[in-house]
Amino acid sequence: MNTIILIFIIFLAGAILTFLAGNIKGLLKEVLFLASIIVPVVMFFAGVKAGDSFDFHMAGFAFQWEITPLSYLFALIVTGLGVMAAIYAAVSAMQGTKSLGLFYFNFILSIMSMLGILFSRDLVSFFIFWEIMTWSSYLMVVYQGKDVQKVGIKYFIFSAVGAYSMLMAIVMVYSLTGSMMIDKMVQEAYPGFAFNMQVIIPILFLIGFGVKSAMMPLHVWAPGAYSHSPMAFTSVFSGALSKMGIYGMVIVMASMVAYVPEEHWFRIVIAWLGGITAVGGTLWAIAQDDAKKLLAYSSVAQLGYIIVGVGIGTPLAMLAALFMAVMHALFKGTLFMAVGAIEKQTGTSNFTEVTGLIRKMPWTFLASLMGIIALAGIPPLGGFIGKWMLYESLIGSDHYLLVIVIFFSSTAAFLYSYKFLFGFFLGQEEKEWEHVKEAPALMVVPMIILAAGTFLLGTFPGLIMKPISAGLEQLGYGATQGKYWEMSMLFNEWGDQVVLQPILYAIIAVFVFFLVFLLLKNRKNTRYVSTKDISSSGEVPKEHENLTFIQNFFQPFLRAVEPLMKRQIDWYYNGFGKGMEALFDFTRRFYTGNGQTYALYAIIFVVILLLLKTSLFGI
């Protein structure tokens, strides 16, 4: 049997068996769940390579599943993050929760559907897997039963808008070509479409993909969905599922929009929407007191950077976008897992309620520190490389104003990065948290592995640049020719070896120097001080005094940017929703349920037809 179809059979069978075993006590359901994720992932790495395919026919349509160099890159994100999140969830994070079988079922379906999207080379399969992904993730959003009417319905509505837009584009393509094959559409048929179709079809696809990638103004579902879904799944939600939107946008921008004249507004509008997404997400992240919402808005902002690179579309910009997509999966997976560990150990994810955990949860702090450094774009972790290449691509393509926008967003991100670290770990220790201990080992290990990935790819980016370069060549970026380092000054500095050891060694040397200096200088006068001594500059605070930085610490900055945050897009959506609700309430008056009333409507309709028969029908 073909390995590709066998992988999907195992996923589907595992999802069903795990759901049925959900009420069984013991480790059976956990074993089934982990096997349902790990076994097909191992089969993927061992038995599937770029170019492998599976073809079949059903209901008059030709279906083709194939792994391409580009989809293989995104499959690395899905499978790697999926396995880490599965281990995190099964052994510790979700223990003690109700309806565990339902959680495992939807988790497996989410991973399966994302791989299905990446394997699909026909639009029918693509859309079916897209809908499975949407429904399984929706059930995750409402899994905990919090704000279902507000958060769940919002996610469902925006997902429906994206799905219908995509479906309209698929119908148009089929009516024009008579085929559902993606390659035939892009390479053969699309160049011959009328210009209006060359614009309308990509717009419809981009609406669908823009919803999943949380591109403004289609982003409003994301903060609530990310913060309300179980933390064991949010790492996959933010790190992998959002990349399906990026994957679709890359294909559309690199293949379809490439036929639109260069002077057309298409690319610049997408790039600026990405820039606005980055700034808006960053500002709202700074204003949050809850770590879940902070990371949710931060995810929106980070996706904005990626969209900018995809929108600009030059080889270096696309290289930066794809590199940042991989890095975002690593550091956001790490940070969401860290918040989940803190919430499990303390019962809260709010900075104003818990602080001073550095001694209580040192491994979680280490993972969080590395994730924050990568997010902030500080060398030697991989976030630095992605942002550097994005700046270079914007300057090289003369988008100087966008450089300012992205630089502002990236700089402001240091504020919420500091807020995250200090709020949870570096503030004063409080008595009510004396009982807190480090999270279970099998929650800590996955986040440490993901954090180590940010360090590894920051030091040796060539490990992931090679599959990225292969994906770009598949899209027609022949200029890369595998020599990805020649497009960036960062890599030229070190020759053709794509490594950053010189920067790494310099940073380590600086830290070692100051460590030795402080140890030698203070070895005789060293004394232990509590965190209260540190945070209050030696003044001993009283018990009732709240010294956490959260108390209006960022108010001057937030007041300065208040004009940018005054009017949210939600206001317009809510106004539209209220208007539609009023319209429906008005029309509902005509549906009384009384048969005599409906008979009267029918008589009135017939009379109108008789009166207007000449003008309407010419008789």
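Please refer to the structure higher up on the page.
Because the structure is predicted, anything quoted here is derived from the model rather than measured.

## Points about the overall build of the protein
Tallying secondary structure elements over the protein gives 26 helices and 2 strands in all. A buried classification covers 54% of the 619 residues belonging to the protein. Taking the intrachain contacts of the protein between residues at least 6 apart in sequence as the baseline, contacts between residues at least 24 apart amount to 79%. Working note: accessible area of the protein is about 27600 Å², and carbon and sulfur atoms make up 67% of it.

## Some words on helix α15 (residues 382–396)
Since the α-helix advances by 3.6 residues per turn, residues separated by three or four positions end up pointing in the same direction. Taking 1.5 Å as the rise per residue, α15 with 15 residues should run 21 Å; its terminal C-alpha atoms sit 21 Å apart, in good agreement. All buried positions along α15 are accounted for by Gly382, Gly383, Phe384, Ile385, Gly386, Lys387, Met389, Leu390, Glu392, Ser393 and Leu394. Trailing α15 by a residue or two, Asp398 shows a phi angle of about 65°, which is positive.

## Regarding the packing of aromatic side chains
Evaluation of the coordinates by the stated rule reveals 38 aromatic pairs. Centre to centre, the rings of Phe107 and Phe233 are 6.0 Å apart; their planes meet at 75°, and the pair counts as edge-to-face. On the criterion of sequence distance, the pair formed by Phe107 in helix α4 (residues 100–119) and Phe233 in helix α10 (residues 231–256) is long-range, its members being 126 residues apart. In this pair, the class of Phe107 matches that of Phe233, namely buried.

## Brief notes about unusual backbone geometry
The amide bond that connects Met216 to the next residue, Pro217, takes the cis arrangement and shows omega of 5°. Mapped onto the fold, Pro217 is located in the loop between α8 (195–212) and α9 (222–228). Here the phi dihedral of Ala214 falls at roughly 55°; this positive angle occurs in a residue that is not glycine. Note that Ala214 resides in the loop between α8 and α9. Given the relative accessible area of 0%, Ala214 is considered buried. Of note in this structure, Asp398 is not a glycine but carries a positive phi near 65°. Relative to the helices and strands, Asp398 resides in the loop between α15 and α16 (400–426). Overall, Asp398 belongs to the exposed group, its relative accessible area being 53%.

## Digging into α10
With 26 residues, α10 ought to run about 38 Å at 1.5 Å a step, and its terminal C-alpha atoms sit 37 Å apart, in line with that. At Phe237, α10 shows its strongest bend, of approximately 40°. Counting buried positions along α10 yields 26 of 26 residues, so the element is predominantly enclosed.

## Comments concerning the nonpolar core
Grouped together as the largest cluster of nonpolar side chains are 186 residues, with contacts concentrated most on Ile37, Phe103, Phe107, Phe205, Trp221 and Phe420. Examining the composition of this core, we find that 22 residues originate from one element, helix α13 (residues 315–346), more than from any other. Here this core spans two domains, since at least three of its residues come from each of domain 1 (1–261) and domain 2 (268–500).

## Concerning the environment of Thr348
With respect to the helices, strands and loops of the structure, Thr348 is situated in the loop between α13 and α14 (362–376). Separated by 58 residues in sequence, Thr348 and Asp290 place their C-alpha atoms 8.8 Å apart. Excluding residues that lie within four positions of it along the chain, Thr348 makes contacts with Ile342, Glu343, Glu353, Val354 and Trp433. Within polar-contact distance, the side chain of Thr348 engages the backbone nitrogen of Asn350 at 3.1 Å.

## Considerations on the packing of helix α12 (residues 291–312) against α16
Where α12 contacts α16, the two axes come as close as 11 Å, and the packing angle between them is 155°. Relative to α16, the element α12 lies roughly antiparallel. Taken as a pair, α12 and α16 cross one another with a handedness that is left-handed. Along the contact surface, α12 presents Ala291, Leu294, Leu295, Ser298, Gln302, Tyr305, Val308 and Ile312, while α16 presents Leu402, Ile406, Ser409, Ser410, Tyr416, Lys419, Phe420 and Phe424. Here the contact of α12 with α16 is composed, by residue class, of 11 nonpolar, 4 polar and 1 charged.

## Brief notes about the pattern of salt bridges
Where charged atoms from two side chains of opposite charge approach closely, those side chains can pair. Taken as a whole and judged by the stated rule, the model has 3 salt bridges. Here Asp183 ties to Arg121 by a salt bridge, and the two come within 2.5 Å at their closest N and O atoms. With Asp183 in helix α7 (residues 182–189) and Arg121 in the loop between α4 and α5 (123–141), this pair connects stretches of sequence that are 62 residues apart. Between Lys292 and Glu343 there is a salt bridge; the shortest N-O distance is 2.7 Å. Of the two residues, Lys292 is situated in helix α12 and Glu343 in helix α13; the sequence distance between them amounts to 51 residues. Judged by its relative accessible area of 8%, Lys292 falls in the buried class. On the basis of relative accessible area, Glu343 is assigned to the partly exposed category, the value being 24%.

## What about the environment of Pro202?
Checked against the element boundaries, Pro202 lands in helix α8. A relative accessible area of 0% means that Pro202 is categorised as buried. Other than its neighbours up to four places away in sequence, Pro202 contacts Tyr190, Met197, Val252, Met256, Val257 and Phe266.

What counts and how
- Residues numbered from 1 in each chain as written.
- Predicted model: local features only at pLDDT ≥ 70, side-chain atom pairs only at ≥ 80, totals over all residues.
- Heavy atoms only, no water.
- Helix = DSSP H or I, 4+ residues; strand = E, 2+ residues; numbered from the N terminus.
- Buried < 20%, exposed > 50% of the residue type's maximum accessible area, 1.4 Å probe, protein only.
- Contact = heavy atoms within 4.5 Å.
- Areas by Shrake-Rupley, 256 points an atom, 1.4 Å probe, with all protein chains shown as cover.
- Expected span 1.5 Å × (residues − 1).
- Phe/Tyr/Trp six-rings, centres within 6.5 Å; stacked < 30°, edge-to-face > 60°.
- Bend = angle between axes of the 7 residues up to and from the residue.
- Core = buried A, V, L, I, M, F, W, Y, C linked by side-chain atoms within 4.5 Å.
- Domains from an automatic or database assignment.
- Polar contact = N/O pair within 3.5 Å; in protein donor to acceptor, adjacent residues only side chain to side chain.
- Axes fitted to C-alpha atoms, helices over the stretch in contact; angles between N-to-C directions.
- Parallel < 35°, antiparallel > 145°, perpendicular 65-115°, else oblique.
- Left-handed = near helix turned anticlockwise from the far one by under 90°.
- Nonpolar A, V, L, I, M, F, W, Y, C, P; charged D, E, K, R; others polar.
- Salt bridge = Lys/Arg side-chain N within 4 Å of Asp/Glu carboxyl O.

Honestly, it's all geometry; don't read function into it.
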